[in-house]
Structures are given as structure tokens and as C-alpha cells.
Amino acid sequence: MWTPPEFRPDSPARTARLIRENPFAVMTSMGDGVPLATHVPVIRRPGPDGPPADEVPVDGSILYGHMARANAHWHSLIRSPSALVVFSGPNGYVSPTTYGVTPAAPTWNYAAVHVTGRVRVIDDADATMEVIRATVAALERGREPQWDLGPSLGYARRILPGVVAFEIDVLEVRATFKLSQDKPAELRERVIAEFAASGRGTESELAALMTEVAG
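About the criteria used
- Residues numbered from 1 in each chain as written.
- Predicted model: local features only at pLDDT ≥ 70, side-chain atom pairs only at ≥ 80, totals over all residues.
- Heavy atoms only, no water.
- Helix = DSSP H or I, 4+ residues; strand = E, 2+ residues; numbered from the N terminus.
- Polar contact = N/O pair within 3.5 Å; in protein donor to acceptor, adjacent residues only side chain to side chain.
- Contact = heavy atoms within 4.5 Å.
- Buried < 20%, exposed > 50% of the residue type's maximum accessible area, 1.4 Å probe, protein only.
- Pairing = 2+ DSSP bridges.
- 1 Å grid on protein atoms, 1.4 Å probe; cavity = no way out; pocket = protein on both sides within 12 Å on 5 of 7 lines; lining within 4 Å.
- Points joined across faces, edges and corners; volume = space filled by probe spheres on them.
- Nonpolar A, V, L, I, M, F, W, Y, C, P; charged D, E, K, R; others polar.
- Salt bridge = Lys/Arg side-chain N within 4 Å of Asp/Glu carboxyl O.
- Phe/Tyr/Trp six-rings, centres within 6.5 Å; stacked < 30°, edge-to-face > 60°.
- Expected span 1.5 Å × (residues − 1).
- Arc of directions from axis to C-beta.

Q: Hey, could you run me through the side chain of Asn22 in this one?
A: Looking at the secondary structure, you find Asn22 in the loop between helix H1 (12–21) and strand S1 (24–31). A polar side-chain atom of Asn22 sits 2.9 Å from the main-chain carbonyl oxygen of Leu18. Those residues within four positions of Asn22 in sequence are excluded, and the remaining contacts are Phe87, Ser88 and Gly89.

Laid out in C-alpha cells, this is it:
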């Protein structure tokens, strides 16, 4: 992913937070010479003291994920275990009308993190259940009320054969936060105001992120 210096994240914690808050990722890899992509929940592997803090995954850290066994993508991961996982944050189109100046050009503001790594497909029921438990815990965190897997554990074990879990050993992390940092403060504030009021997609979240970065 190409990232000009002005669009690099201002802190490792911001990159880690985007991964944590946007766990429904796109995992891509090559299979028989053809690019493959699957939308999957991907989380950081929790440590002995619980979920990791907001630090960037580095070489040696682990991501957890799982997909349907009926999805042939996992077969190719055994043969070709290199993968790219894309985490997408809020994004929005910036119209030249927002700037109120001429000349101008349209653009797109967004935040994204690319993680490359080596995949290990898990072929063990207990280890697969560990991935499911960790994923549920990560996704339920912050919700009120939180769903308890315990009463549904028997059901989860019955459907477990239909799931394939995997680990990703992180090799590289690249992040881009393109949030009008290359524009004068006055124009950047106009973009923030437009996104905050738009009601479209994730643009209100994008406005909040732009405000944080500008601050």
C-alpha cells in the first residue's frame, strides 16, 4: 500500500485501534495463480492477561480468524500460506464543492491498515474452539448486554466441523490515514463539517477521526 509521509499514522496506537474497531477484514491470497479474497472476522490473539493493548501487531504477533469449511479458499492457504489482510476504517468522497475554492479536484478520504503474514490452518477441534471463544469475546467487548457463549456451547460444538480456523503470523503492517492533512486548516475544517453533517455511510465517523488527527 502506497502511503505518502503526510498520511502515515501519528501513533502506533491509532493503527492498532483501527484493527480492533474494524475486525471484519478482507483476507487475500493466491490460489492456483488466481487472487482469492474472503471477508472474515480477524482479531488479535489474546495474551495470558486478556486482549492485547493498543500496540501495532509486529513480527511474531498473531491474528486469529475463521471461515466456513465450505469456502474453498482455506485449501489454497495450505498450499500457499502467504496472505494480505485488509482492515478498512471510515471513508468518504470529498467533493470540490466542499472546498469552496477554484481550481480544485475531487478526492477520497479514508483510513486502512494492511497486514501481511503467514497463515497456519488449524486442524484441531479444541484449538478451533479457542479461536471462536476469543473472537466472540473480542466482538462482544463493549456491548451491553454481552452475549455469553456458555449456554450455547453444545450447539457451538455441533456446528464446529463446518468452521475452519487459522492463525496469521504477522510479518509487516502498513497503514494509511488520508484525512486531508495536505490541505490548509480552513479547508480541512470544511471537510470535517460536511462529513459530520452528511449522514452518509461512515462519514460521521470519518469526521470524528479527522478531528482527532487534526488535534
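Q: Would you mind showing me how to read the pairing of strand S3 (residues 62–68) here?
A: The two faces of a sheet get side chains in turn, since along a regular strand they alternate between them. Burial runs high along S3: six of the seven residues are buried. Bridging between strand S2 (residues 34–44) and S3 involves three bridges; their strand directions are antiparallel. Residue pairing in the sheet places Arg44 in a bridge with Leu63 of S3.

Q: How should I be thinking about the side chain of Asn109 in this particular structure?
A: Relative to the elements of secondary structure, Asn109 occurs in strand S5 (residues 107–122). The class of Asn109 is buried, set by a relative accessible area of 0%. Side chain to side chain, Asn109 and Ser180 meet in a polar contact 2.9 Å long. Apart from the residues within four sequence positions on either side, Asn109 is in contact with Pro90, Asn91, Gly92, Val94, Lys178, Leu179, Ser180, Val191, Phe195, Leu206 and Met210.

Q: I tried to follow the layout of surface pockets on my own but got confused; where do I start?
A: In this approach a probe as big as a water molecule rolls over the atoms, and the regions it shows empty are the leftover space. Computed from the structure, the second largest pocket encloses a volume of approximately 210 Å³. Around the second largest pocket, the lining residues are Arg14, Arg17, Leu18, Glu21, Asn22, Pro90, Phe177, Glu205, Ala208, Leu209 and Glu212. Classifying every residue of the lining of the second largest pocket by side-chain character gives five nonpolar, one polar and five charged.

Q: Hey, could you run me through unusual backbone geometry in this one?
A: Negative phi values dominate among residues other than glycine, just as trans dominates among peptide bonds. At the junction of Thr102 and Pro103, the peptide bond is cis and its omega measures out at 0° in the coordinates. Of note, Pro103 is situated in the loop between helix H3 (96–99) and S5. In this chain, Glu144 is followed by Pro145 through a cis amide linkage whose omega measures 0°. One can find Pro145 in the loop between helix H4 (125–140) and helix H5 (153–159). In the Ramachandran plot, Asp32 falls in the positive-phi region, its phi being about 55° despite a non-glycine side chain. Within the secondary structure, Asp32 sits in the loop between S1 and S2. By relative accessible area, Asp32 is classed as exposed at 69%.

Q: What is the right way to read the pattern of salt bridges from this model?
A: Opposite charge on two side chains makes pairing possible when the charged atoms of those side chains draw close. By the definition in use, this model includes eleven salt bridges. The partner of Arg143 in a salt bridge is Glu140, with the nearest N and O atoms 3.8 Å apart. Through salt bridges with shared partners, a single network forms among Asp10, Arg14, Arg17, Glu21 and Glu212.

Q: Hey, could you run me through the packing of aromatic side chains in this one?
A: Given two aromatic rings, their pairing is described by the distance between the two centres and the angle made by the two planes. One pass over the full model with this rule turns up one aromatic pair. With a centroid separation of 5.9 Å and an interplanar angle of 55°, the aromatic rings of Tyr93 and Trp108 are classed as tilted. With a gap of 15 residues between them, Tyr93 in strand S4 (residues 82–94) and Trp108 in strand S5 connect regions that are remote in the sequence. The exposure class of Tyr93 is partly exposed, given its relative accessible area of 40%.

Q: Can you help me understand helix H7 (residues 203–214) in this one?
A: Owing to its 3.6 residues per turn, the α-helix brings residues three or four apart onto one side. Spanning twelve residues, H7 covers 16 Å between terminal C-alpha atoms, matching the ideal 16 Å at 1.5 Å per step. Buried within H7 are the following residues: Glu203, Leu206, Ala207, Leu209 and Met210. For H7, the angular spread of the buried residues around the axis is 165°, confining them to a single face. Packed against the buried residues of H7 are H1, S4, S5, strand S6 (163–178) and helix H6 (185–198).

Q: Is there a simple way to explain the environment of Ala68 in this structure?
A: With respect to the helices and strands, the residue Ala68 is situated in strand S3. Excluding residues within four positions of it along the chain, Ala68 makes contact with Trp74 and Gly162.

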